[in-house]
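Residue strings, one per chain:
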Amino acid sequence: MVSIRQNVFPDVLPDFRNLGVIARVLVAVNALALAGSLFAATDLWQALERFLRAAAFLEPLLLAELVALFALSPWLARLSYWTGYALIVLLTTLLAAGYHAAVLGIAAVGVGEVSRTMVTCALVGAGLLAYFRLLTKAYSPALAEARLQALQARIRPHFLFNSLNAVLALIRRDPRRAERSLEDLSDLFRTLMSEPRQFVRLAEEIALLERYSELEQLRLGERLRITWELDAAPLDALLPPLVLQPLLENAVYHGVEPGTATGDVLVQIERRGDRVFACIENPYLEAELGRAGNRIALENIRERLALFFDAEARIDTHAANGRYRVEIEMPYRASTP
Amino acid sequence: MRIFIADDEAPARERLKELLGDIAGEVETSVVGEAQNGLEALERVPASGAQVLLLDIKMPGMGGLEVARHLAALEHAPSVVFVTAHDRHAVEAFEVNALDYLLKPVRAARLADALRKAAAAAAPGREQLARAAAGAREYLSVVERHRIVLVPVRDILFLRAEQKYVTVRTREREHLIEESLIALEREFTGRFVRIHRNCLVARSAIRGFERAAGADDDPHWLVLLEGAAERLPVSRRQWPMLRELVAEKP
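Since we're looking at a predicted model, the values are computed, not measured.

1. A short note on the sheet that holds strand E8 (residues 156-162) of chain B
Residue and element names in this part refer to chain B.
Working step 1: One open sheet accounts for five strands, arranged E10-E9-E8-E12-E11; its pairing is antiparallel. Edge positions in the sheet fall to strand E10 (174-177) and strand E11 (192-196), since each has one partner strand and no second. Averaged over all pairs of adjacent strands, the angle between their axes in this sheet comes to 25°, without regard to strand direction.
Working step 2: Bridge count between strand E9 (residues 165-170) and E10: four bridges; the pairing is antiparallel. Its bridge partner being in E10, Val-168 is matched across the sheet by His-175.

What follows is the structure in structure tokens.
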């Protein structure tokens, strides 16, 4: 198990284009500056003054470093972890030295002071990178576990046995459709039982939605009516696996199955600029109020989206006018073919 | 043997009919009716003359267990074989209460066994079914000749015991049912509150209280109802608890 996890989750440099990473760097560096000022000062007032002075010096440098890393991020990501690590430390240190010399003039401050800036910067940079490495390490088992948990929470035995029962009913009357249904069922389970992967293409997730809906259609017949709005879906977008299928399953389980009337489900996926937007909507049945099952899947997806996209993805639910709606928005990242 | 099939999924009903055909050599059966949800089953079973009911547990509108509870009041209630794909709670409850059930996908041999057993056995009793149920019913039922009339529990204003019957009062009308007030109180705690030895009132139907007019030296209170003109006397014993309830009510 351990070796598998190591293969699946190798060390990766932080993504410097991610808002969460940028925010963490900003907060950490300023917190360090504040701590340093507090340590050096004799009273709080003086500490504040020192901090403000340090910040005035620090902030432009910090922003310049972040911009440089933002620009180089895709290139850095292609290097091996430790090469990238060394390069980042070197780059930031050199930038700091250059900045210090340019602002104050090398003649005015002397080599000693510049080298002090460089050492401080190198230490802080290396420290931050180590922190990010620990952060991914800490999350990786959680990721694998969350994935597993998703799997278990998601395959409702109820769905499996009812689907098998429906296929059995087809075998004599419509052997071809029975064959297709078993193929759908095996595709669905192959995905559910596959090796954990970081990302899948949206096209794959949509194929999964279609397989799943075929099976539900077989069982529920005209009680289930799904409207697909996928014309503007970016098929090459990357997303964590099993983000949409559990939502469709919830929609059917809570919004269609318990009702006697026809249940209309809407699946809508589209690209909006550099964001991917997905929405699944189903009838909101009074009988289903206060059922807890739905929350588990939602929390699981929320957690995995946060792991993959940090603060840049969101998942919201709305209940209004007899409809229940789940919306997901995440950054558009194209897969390289 | 006359069989009635109730399942919300058409393929599941088809499958059961296929299997009944397969076992025709061992157990001779004819399907006298089908229903695709619980309410439909209650409507059709009484007049169908069915002897055995194959009843899916998870159906929209009303689940199989509640269907069986209402049918149990019929004079010639059919035997019941429950069918479920997966319901751990229900299966445990069936085991404990000696109710017969089949798991989907159903095997022909198991179906034949269950039918033979059901033919010999009486319909499951009301208490037996009530013990197996996970929660309260959504309806109370009254048998009128060969028809089952359902009264949604949420429409009930109050329940009053009179001799061996309980009067069920809704906004529109009254029904008589043969159940015990104590059992009803236990089943629907939270929805109804006891105001008197012989009376339970829906909390949501209480509009207010009125002091009994022309009272002598023993004053008592009356419950005013939302949607009905009757005023129901509150017993002295229940009054302190009810007064608190009023205080909570916004």
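2. Considerations on the packing of aromatic side chains
Residue and element names in this part refer to chain A.
Working step 1: Under the defined criterion, the tally for this structure stands at 13 aromatic pairs over all chains.
Working step 2: Measuring from ring centre to ring centre gives 4.9 Å for Tyr-81 and Trp-82, while their planes differ by 80°; the resulting arrangement is edge-to-face.
Working step 3: Each ring, one from Tyr-131 and one from Phe-132, has its centre 5.3 Å from the other, and the planes form 55°; the classification is tilted.
Working step 4: A residue is classified by how much of its surface remains accessible, and Phe-132, at 7% relative accessible area, is buried.

3. Some points on the nonpolar core
Working step 1: By size, the foremost hydrophobic cluster in this structure holds 45 residues, and its most contacted members are A:Leu244, A:Ile269, A:Leu305 and A:Ile328.
Working step 2: When contributions to this core are tallied by element, the ones reaching two or more residues are helix H8 (175-193), helix H9 (202-220), strand E2 (224-229), helix H10 (245-255), strand E4 (263-272), strand E5 (275-283), helix H11 (293-309) and strand E7 (323-331) of chain A.
Working step 3: Top contributing element to this core by residue count: H9(A), with seven residues.
Working step 4: The residues touching A:Leu244, leaving out its near neighbours within four places in the chain, are A:Leu202, A:Glu205, A:Leu209, A:Leu239, A:Ile269, A:Ala278, A:Ile280 and A:Ile328.
Working step 5: Grouped together as the second largest cluster of nonpolar side chains are 33 residues, B:Val151, B:Ile156, B:Leu200 and B:Val223 included.

4. A look at the side chain of A:Ser163
Residue and element names in this part refer to chain A.
Working step 1: Position of Ser-163 among the secondary structure elements: in helix H7 (residues 157-173).
Working step 2: The class for Ser-163 is buried, based on a relative accessible area of 1%.
Working step 3: At a separation of 2.8 Å, a polar atom in the side chain of Ser-163 contacts the main-chain carbonyl oxygen of Phe-159.
Working step 4: Excluding anything up to four places from it in sequence, Ser-163 contacts Leu-185, Leu-215 and Arg-219.

5. Some thoughts on the packing of H7(A) against H8(A)
Residues and elements named next belong to chain A.
Working step 1: Contact geometry for H7 and H8: axes closest at 7 Å, N-to-C directions at 155°. With respect to their mutual orientation, H7 and H8 come out roughly antiparallel. Helix-helix and strand crossings are classified by hand; for H7 and H8 the assignment is left-handed. For the pair formed by H7 and H8, the contact residues are Phe-159, Leu-160, Ser-163, Leu-164, Val-167, Leu-170, Ile-171, Arg-172 and Arg-173 on the first element and Pro-175, Arg-177, Ala-178, Ser-181, Leu-182, Leu-185, Leu-188 and Phe-189 on the second.

6. So, the packing of helix H1 (residues 10-22) of chain B against helix H5 (residues 108-120) of chain B
If you want to describe how two helices pack, look at the angle between their axes and the distance between the axes.
Residue and element names in this part refer to chain B.
Working step 1: Across the interface, H1 lies against H5 with an axial gap of 10 Å and an inter-helix angle of 80°. Here H1 lies roughly perpendicular to H5, going by the angle between them. Note on element contacts: H5 touches H1 through Ala-108, Leu-111 and Leu-115, opposite Leu-16, Leu-19 and Leu-20.
Working step 2: Broken down by class, the residue content of the contact of H1 with H5 amounts to six nonpolar, no polar and no charged.

7. Structural notes on the pattern of salt bridges
Residue and element names in this part refer to chain A.
Working step 1: Taken as a whole and assessed by the stated rule, the structure comprises 37 salt bridges over all chains.
Working step 2: A salt bridge links Asp-187 to Arg-211, with the nearest nitrogen and oxygen atoms 2.6 Å apart. With a gap of 24 residues between them, Asp-187 in helix H8 and Arg-211 in helix H9 connect regions that are remote in the sequence.
Working step 3: Where Glu-327 meets Arg-325, a salt bridge forms, and the shortest distance between an N and an O atom there is 2.7 Å.
Working step 4: Judged by its relative accessible area of 11%, Glu-327 is buried.
Working step 5: In this structure Arg-325 comes out as partly exposed when scored by relative accessible area, which is 22%.
Working step 6: Overlapping salt bridges, with partners in common, bring together Arg-275, Glu-281, Arg-314, Asp-316, Arg-323, Arg-325, Glu-327 and Glu-329 in one network.

8. Digging into the environment of B:Leu184
All names here are of chain B.
Working step 1: You can see Leu-184 is positioned in helix H7 (residues 181-187).
Working step 2: When the C-alpha positions of Leu-184 and Leu-200 are compared, they lie 8.9 Å apart, and in sequence the two are 16 residues distant.
Working step 3: Each residue touching Leu-184, except ones within four places of it in the same chain, is listed here: Arg-137, Leu-140, Leu-159, Val-166, Ile-177, Glu-179 and Leu-200.

9. Description of the environment of B:Lys117
All names here are of chain B.
Working step 1: Structurally, Lys-117 can be placed in helix H5.
Working step 2: A relative accessible area of 51% means that Lys-117 is categorised as exposed.
Working step 3: When the C-alpha positions of Lys-117 and Val-81 are compared, they lie 9.6 Å apart, and in sequence the two are 36 residues distant.

10. Some points on the sheet that holds strand E1 (residues 2-6) of chain B
All names here are of chain B.
Working step 1: With parallel pairing, five strands are arranged side by side in an open sheet as E2-E1-E3-E4-E5. The sheet is open, and its two borders are formed by strand E2 (30-35) and strand E5 (101-103), each paired with just one other strand. In this sheet, adjacent strand axes meet at a mean angle of 20° when their direction is disregarded.
Working step 2: Contacting strand E4 (79-84) and E5, helix H4 (residues 88-96) crosses the sheet at an angle of about 145° to E5.

11. Looking at the environment of A:Leu182
Residue and element names in this part refer to chain A.
Working step 1: Residue position: Leu-182 is located in helix H8.
Working step 2: On the accessibility criterion, Leu-182 (41% relative accessible area) is partly exposed.
Working step 3: Along the chain, Leu-182 and Glu-270 lie 88 residues apart, while their C-alpha atoms are 30 Å from each other.

12. Quick word on H4(B)
Residues and elements named next belong to chain B.
Working step 1: Within the sequence span of H4, burial applies to Ala-90, Val-91, Ala-93 and Phe-94. For H4, the angular spread of the buried residues around the axis is 165°, confining them to a single face. Turned more than 90 degrees away from the buried face of H4, the exposed residues are Arg-88, Glu-92, Glu-95 and Val-96.
Working step 2: Tucked into the core, H4 has its buried residues touching helix H3 (64-71), E4, E5 and helix H6 (126-132).
Working step 3: In the stretch just after H4, Ala-98 is the one whose phi turns positive, near 55°.

13. Re the interface of chain B and chain A
The figure often quoted for interface size is the accessible area lost as the parts come together.
Working step 1: Tallying the contact residues gives 19 residues for chain B and 21 residues for chain A.
Working step 2: Roughly 1,800 Å² of surface becomes buried between chain B and chain A when both sides are summed, with 51% attributable to carbon and sulfur atoms.
Working step 3: At the junction of chain B and chain A, the tally comes to five salt bridges.
Working step 4: Its salt-bridge partner being A:Glu257, residue B:Lys58 comes within 3.9 Å of it at the nearest N-O pair.
Working step 5: When grouped by side-chain class, the residues that make up the side of chain B that touches chain A number seven nonpolar, three polar and nine charged.

Conventions we followed
Residues numbered from 1 in each chain as written. Chains lettered and ligands numbered in written order. Predicted model: local features only at pLDDT ≥ 70, side-chain atom pairs only at ≥ 80, totals over all residues. Heavy atoms only, no water. Pairing = 2+ DSSP bridges. Helix = DSSP H or I, 4+ residues; strand = E, 2+ residues; numbered from the N terminus. Axes fitted to C-alpha atoms, helices over the stretch in contact; angles between N-to-C directions. Phe/Tyr/Trp six-rings, centres within 6.5 Å; stacked < 30°, edge-to-face > 60°. Buried < 20%, exposed > 50% of the residue type's maximum accessible area, 1.4 Å probe, protein only. Core = buried A, V, L, I, M, F, W, Y, C linked by side-chain atoms within 4.5 Å. Contact = heavy atoms within 4.5 Å. Polar contact = N/O pair within 3.5 Å; in protein donor to acceptor, adjacent residues only side chain to side chain. Parallel < 35°, antiparallel > 145°, perpendicular 65-115°, else oblique. Left-handed = near helix turned anticlockwise from the far one by under 90°. Nonpolar A, V, L, I, M, F, W, Y, C, P; charged D, E, K, R; others polar. Salt bridge = Lys/Arg side-chain N within 4 Å of Asp/Glu carboxyl O. Arc of directions from axis to C-beta. Buried area = accessible area lost by both parts, 1.4 Å probe.

The values reported here are purely geometric and, on their own, carry no functional implication.
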